[in-house]
Amino acid sequence: MSTTYGQVVIGGDGESDPIKIDYSNPKQYEIGGITSSGTAPLDQRLLSFHVGDVIEIPGEQISKSVKTLWKTGLYDDVEITVTRISGNVAFLDIRLEDRARLISFGFKGTTKSEENDLREKLKISQGNIINDNMKTTCINTIRKYYVDKGFYSCTVNVQEIDDEKVKNAKNLLFDIKKSKKVRISKIDIIGNKGVADAVLLRSMKETKEKFLFRPFWKMDTAIAYCLKHPGYYESKDIKDHMDEYFSDRVKLRIFKKSKFTRETYEDDKVKMIDRYNELGYRDAVIVRDTFYLDGRDMRIDIEVNEGPQYYFRNIDFVGNTIYPTSLLKQLLGIEKGDVYNQTLLNKSLTMKEDGDDIASLYMNNGYLFFNANPVEVAIENDSIDIEIRIREGKQARYNKITIAGNTKTNDNVIMREITTIPGQLFNRADLIRTQQVLMSLGYFNQEKMDVQPKPNEADGTVDINYVVEETSSDQLSLSAGYGASGFVITAGIAFNNFSTKKLFKKDAWTPIPGGDGQRLALNVSTNGLWYQYYNLSFTEPWLGGKKPNALTIGAYFQKQTNGKKKNDVSYATSSIAGASLSLVSKLKWPDDYFQMSHTLSYEYYTVKNWSGYYVFNNGYANSLSYIFSLTRNSVNAPIYPREGSNLTFSVQLTPPYSLISGKDFTNATDQEKYKWLEFHKWKFNASWFTRIVENLVLNIRFKMGFMGCYNKTIGISPFGRFYLGGDGLSNFSYDGREVIGMRGYDDEYLSPYMDGTSVGGSIYNKFTAEIRYPITLNPSATVYVLGFLEAGKGWLDKRQYNPFSLYKSAGLGVRVYLPMFGLLGFDWGYGFDEVPGRTNGKPSGSHFHISINQSID
């Protein structure tokens, strides 16, 4: 393609002799006529001359016209020709060749997802004119896309391919060579004297070195500073500062890559200065940063000027009339001589996560329009005086309460959970609590939930709009496990936002009537003739519609056989039929995280020619019991909790039939002893969630259970005991046993073992510590990884109980939550201890555990 400017071509009409023009001696000619030729039309408005004008040939006006035509970018070639001269009259022809048009474009060296991204970013389409500017823009866009991903050595070439069907049309192929991503090999901080490298580098959340460790070459600076200021290390800021230094930057680095991107780097520079400000260096600045690229390795030098370190001196409050200054200073928690920390000051005023700040004090008492403005009123040497100017405003009351985004759940289902009532005083704690309650329903995307207050200071009211986003709450569960009867498949379906009122409304079947918050669940397990299990339950969360009293009705049936037909003389079977009625009430005292439940349960056991799991081979047993439980659940989200706790205490009691009857059971048969089961069972479960940093969460769990008897002659019931170990597959309940999973060991291995059979324990303990980190919190597929430590054991009776003699294990796992299938778990655990009679004198060793819609906890 020609890229030079042509001016005048002397050629005549191709038949006459060439026209002679002296370039060294331009002459004045009148333009007698202008014709156009070539593939592109001529717009004469772009010319600097017209018919009748007198111009120099060759001359400036012709050159200017050529340049103007070129600048449009529409032409591949521009040529002005003198076709004829008659005296002082010249006739010109302007030949324009049209640029090629784009038919299609493609990529080489990209993945499918990258290609889709690039097509959106390039913003070119069929029919566009192909010119240098267009190609350069596309190349720059593509390079920026890959540079942002860390491919700093990326090259892009454009190939123009003539189209076979369309004349003067081309296809573009962008040939991309990404090379390897640029990694940050080293980050050097220059000029820092008071703050260690590790502290500053940890403040850069996304910009990380590729190596985890580095020498402490500035340790002497940090230590010398502490020695120079006796007792200074004991202050919280400096202690944290030094602890961060000594721990280096290993924390969380395993979750970050060392790639370099400009956008995140600029953000991280701001975070570094923020960290300086938190340590009292309010004047700290980054002087310059320099990059050194060696192949795919990049070294960054960041030069800083720390400035002096400042401290709080006098802190005064003005404008406060509701609460005394002494109380406000106590909540502020900053003393004279503390390191100057603007971030801490702002948090103490307005936004502590635990709500223990001054703004919460006011807003929880209706003062929505409260404002606290900290002002630096004096700076002397390294000391700063602060005056906190308070505007209390007047109390606000709720006006309109609205809901947005609920496309399935009825308004009344949400409204009955909301504690912000029109006419009441505004209370920020109520807003936070309501948000937690709505999350716990499981109907909405916990990451998209929002509360939008719309205050009106003129009339002292505030409208509250709760914004939710519906997510699938119904579950189709599938699980598989191996038990004594072989491979068992379990299928279940749970409608967690069901509506019985809409059963007979045709339009409500989309595909299932829902929106009233009721729960209907059906579970079926089977492996054919050997084992069958059915469970049906229904829950009405607001019985009567006025109070949060949840009524649950459930029934189940389980049957096991030896695989023989009923008319076979060797046919053996055992079955359990049960039903329960439960009422759960939410409490207001001690706080509204508590709930209390009362359950009445009945189970009927039958055994025919069955040995191995029951105390008799033929017979039956009845179990009628009352269960009381008290729960406090303050976890902040149901799927991936980051904070809060879940504590449950329960006691299950049967009537003391033997004591009531006064019968002597010394010589009674097992059938007589267990015709009506009698026991008392006590359980306590506790789970605490603590956010370590961002979404990294520590979960500590504790479980214990104890089962006792009323009559020592009858002893502890062989029904309903605790079985610890393995996956915790609970459908195979046999004799009403409670199965508790513990990773790193086989099923039931950690329970008492007699004569080659697990007999279950009457008491057990289990401890779990988990570190969790999410891969994605998308509500359609939540995924997180975890590492765990566990310890636990079951004992036959309380005389053998020793809480310090436990079996231990550790391992790794992953959880995937899919709304339609529930929680899928994959764990590898290693049992460190030998289990007498079970592991042949060796540690339990390596075990894999798979759970589907079942938590191994």
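Residues numbered from 1 in each chain as written. Predicted model: local features only at pLDDT ≥ 70, side-chain atom pairs only at ≥ 80, totals over all residues. Heavy atoms only, no water.

Considerations on the overall build of the protein
- Along the backbone of the protein there are 14 helices and 37 strands.
- Element-wise, carbon and sulfur atoms account for 54% of the exposed surface of the protein, whose accessible area totals about 42900 Å². (Helix = DSSP H or I, 4+ residues; strand = E, 2+ residues; numbered from the N terminus. Areas by Shrake-Rupley, 256 points an atom, 1.4 Å probe, with all protein chains shown as cover.)

As for the packing of aromatic side chains
- If you walk through the whole model with that rule in mind, you get 33 aromatic pairs.
- Seen from their ring centres, Tyr146 and Phe151 are 5.9 Å apart, and the 80° between their planes marks the pair as edge-to-face.
- We classify Phe151 as buried; its relative accessible area is 11%.
- Between Tyr152 and Phe260 the ring centres are 5.5 Å apart and the planes differ by 55°, which places this aromatic pair in the tilted class. Remark: Phe260 occurs in the loop between α6 (236-246) and α7 (262-278) and Tyr152 occurs in the loop between α3 (132-148) and β7 (155-162); sequence separation between them is 108 residues.
- Here Phe260 falls in the buried class, since its relative accessible area comes to 1%.
- In textbook terms, an aromatic cluster arises when at least three aromatic residues are bridged by ring pairs, as seen for Tyr605, Tyr614, Phe616, Tyr674 and Phe719.
- Note that Arg737 overlies the ring of Tyr723, its terminal NZ or CZ placed 3.8 Å from the centroid.
- We note Arg743 situated over the ring of Phe788; from NZ or CZ to the ring centre the distance is 3.8 Å. (Phe/Tyr/Trp six-rings, centres within 6.5 Å; stacked < 30°, edge-to-face > 60°. Buried < 20%, exposed > 50% of the residue type's maximum accessible area, 1.4 Å probe, protein only. Lys NZ or Arg CZ within 6 Å of the ring centre and 35° of its normal.)

Some thoughts on the nonpolar core
- Counting 29 residues, the largest nonpolar core has Tyr605, Tyr614, Tyr674, Leu677, Phe719, Tyr745 and Leu750 as its most contacted members.
- Excluding residues that lie within four positions of it along the chain, Tyr674 makes contacts with Val615, Phe616, Tyr620, Ala621, Asn622, Ile714, Ile716, Ser717, Pro718 and Phe719. (Core = buried A, V, L, I, M, F, W, Y, C linked by side-chain atoms within 4.5 Å. Contact = heavy atoms within 4.5 Å.)

Comments concerning the sheet that holds strand β11 (residues 297-305)
- Pairing in this open sheet of three strands is mixed, and the strands run β9-β11-β10 from one edge to the other. Single-partner strands in this sheet number two, and they are β9 (183-190) and β10 (285-294). Here the strands of the sheet are splayed against their neighbours by 15° on average, with no regard to which way each runs.
- Pairing geometry for β10 and β11, over nine bridges, is antiparallel. In the sheet register, Val285 faces β11, and the bridge partner there is Asn305.
- Along the sheet face, α7 touches β9, β10 and β11 and points at about 140° away from the line of β10. (Pairing = 2+ DSSP bridges. Axes fitted to C-alpha atoms, helices over the stretch in contact; angles between N-to-C directions.)

Description of the pattern of salt bridges
- Within the structure shown, the criterion is met by 47 salt bridges.
- Measuring nitrogen to oxygen at the nearest pair gives 3.2 Å for the salt bridge that ties Lys178 to Glu114. You can see Lys178 sitting in the loop between β8 (169-177) and β9 and its partner Glu114 sitting in helix α2 (residues 112-122), a full 64 residues away along the chain.
- In this structure Lys178 comes out as buried when scored by relative accessible area, which is 19%. (Salt bridge = Lys/Arg side-chain N within 4 Å of Asp/Glu carboxyl O.)

Focus on α3
- Over its 17 residues, α3 extends 24 Å from the first C-alpha to the last, a length consistent with the 24 Å expected when each residue adds 1.5 Å.
- Buried residues along α3 sit against β6 (101-108), α2, β7 and β8.
- Sitting at the amino-terminal end of α3 is Asn131, which places a side-chain oxygen 3.2 Å from the backbone nitrogen of Asn133.
- Phi for Gly150, located one or two positions after α3, is positive at around 100°. (Expected span 1.5 Å × (residues − 1). Polar contact = N/O pair within 3.5 Å; in protein donor to acceptor, adjacent residues only side chain to side chain.)

Considering the side chain of Asp797
- By the element assignment, Asp797 lies in the loop between β34 (782-795) and β35 (807-818).
- With relative accessibility at 13%, the residue Asp797 sits in the buried group.
- A polar atom in the side chain of Asp797 sits 2.9 Å from the backbone nitrogen of Arg799.
- Residues in contact with Asp797, not counting those within four places in the same chain, are Ile716, Ser762 and Ile763.

A look at empty space enclosed by the protein
- Throughout the structure, instances matching the rule amount to six cavities of 30 Å³ or more.
- The residue inventory of the lining of the second largest cavity, partitioned by class, reads seven nonpolar, five polar and one charged. (1 Å grid on protein atoms, 1.4 Å probe; cavity = no way out; pocket = protein on both sides within 12 Å on 5 of 7 lines; lining within 4 Å. Points joined across faces, edges and corners; volume = space filled by probe spheres on them. Nonpolar A, V, L, I, M, F, W, Y, C, P; charged D, E, K, R; others polar.)

Considering unusual backbone geometry
- Put simply, Ile57 and Pro58 share a cis peptide bond, and its omega is -15°.
- Tracing the chain through its elements places Pro58 in the loop between β3 (54-57) and α1 (60-71).
- For the bond running from Thr510 to Pro511, omega is -5°, close enough to zero to count as cis.
- Among the structural elements, Pro511 can be located in the loop between β19 (486-498) and β20 (518-526).
- Non-glycine residue Lys123 carries a positive phi angle of around 60°.

Here's the deal with the environment of Phe848
- The residue Phe848 is located in strand β37 (residues 843-852) in this model.
- When its relative accessible area of 68% is taken as the criterion, Phe848 is described as exposed.
- Measuring from C-alpha to C-alpha, the distance between Phe848 and Gly726 comes to 9.3 Å, with 122 residues separating the pair along the chain.
- Other than its neighbours up to four places away in sequence, Phe848 contacts Asp827 and Trp828.

A word on the pairing of strand β22 (residues 549-561)
- When strand β21 (residues 531-540) meets β22, the two strands line up antiparallel, connected through ten bridges. Note that in β22 the partner of Glu540 across the bridge is Leu551.
- Where β22 lies against strand β23 (residues 573-586), 13 bridges are found, and the strand directions are antiparallel. Across the sheet, Tyr556 pairs through a bridge with Gly578, a residue of β23.

Quick notes on the packing of α2 against α3
- At their nearest, the axes of α2 and α3 sit 10 Å apart, and the two run at 135° to each other. Judged on the interaxial angle alone, α3 and α2 are oblique. Crossing handedness for the pair α2 and α3: right-handed. Residues Glu114, Asp117, Leu118, Lys121 and Leu122 of α2 lie in contact with α3, whose contacting residues are Cys138, Thr141, Ile142, Tyr145 and Tyr146.
- Its residues placed into classes, the contact of α2 with α3 shows six nonpolar, one polar and three charged. (Parallel < 35°, antiparallel > 145°, perpendicular 65-115°, else oblique. Left-handed = near helix turned anticlockwise from the far one by under 90°.)

Some thoughts on the side chain of Asn341
- Topologically, Asn341 is positioned in the loop between α8 (325-332) and α9 (342-351).
- Given a relative accessible area of 7%, Asn341 falls into the buried group.
- Reaching out from Asn341, the side chain makes a polar contact with the backbone oxygen of Glu278 at a distance of 3.0 Å.

Concerning the sheet that holds strand β17 (residues 461-467)
- With respect to topology, three strands assemble into an open sheet ordered β15-β17-β16, the strand pairing being mixed. At either end of the open sheet lies a strand with only one pairing partner, and these are β15 (397-404) and β16 (450-456). Here the average twist between neighbouring strands, direction ignored, is 20°.
- The pairing of β16 with β17 spans seven bridges and is antiparallel.

Points about the environment of Met363
- For Met363, the location among the structural elements is in helix α10 (residues 358-363).
- Given the relative accessible area of 13%, Met363 is considered buried.
- As for Met363 and Asn427, which are separated by 64 residues in sequence, their C-alpha atoms are 5.7 Å apart.
- Residues contacting Met363, with those up to four places away along its chain left out, are Leu368, Phe370, Phe426, Asn427 and Arg428.

Quick word on the confidence of the model for the protein
- When pLDDT is averaged along the protein, the result is 86, and 89% of the positions lie at 70 or above.
- The low-confidence segment residues 1-17 (pLDDT under 50) makes 35 contacts with residues lying over four places distant or belonging to another chain.
- Between residues 212-255, whose pLDDT stays under 50, and residues either more than four places distant or in other chains, the model counts 74 contacts. (pLDDT = per-residue confidence, 0-100.)

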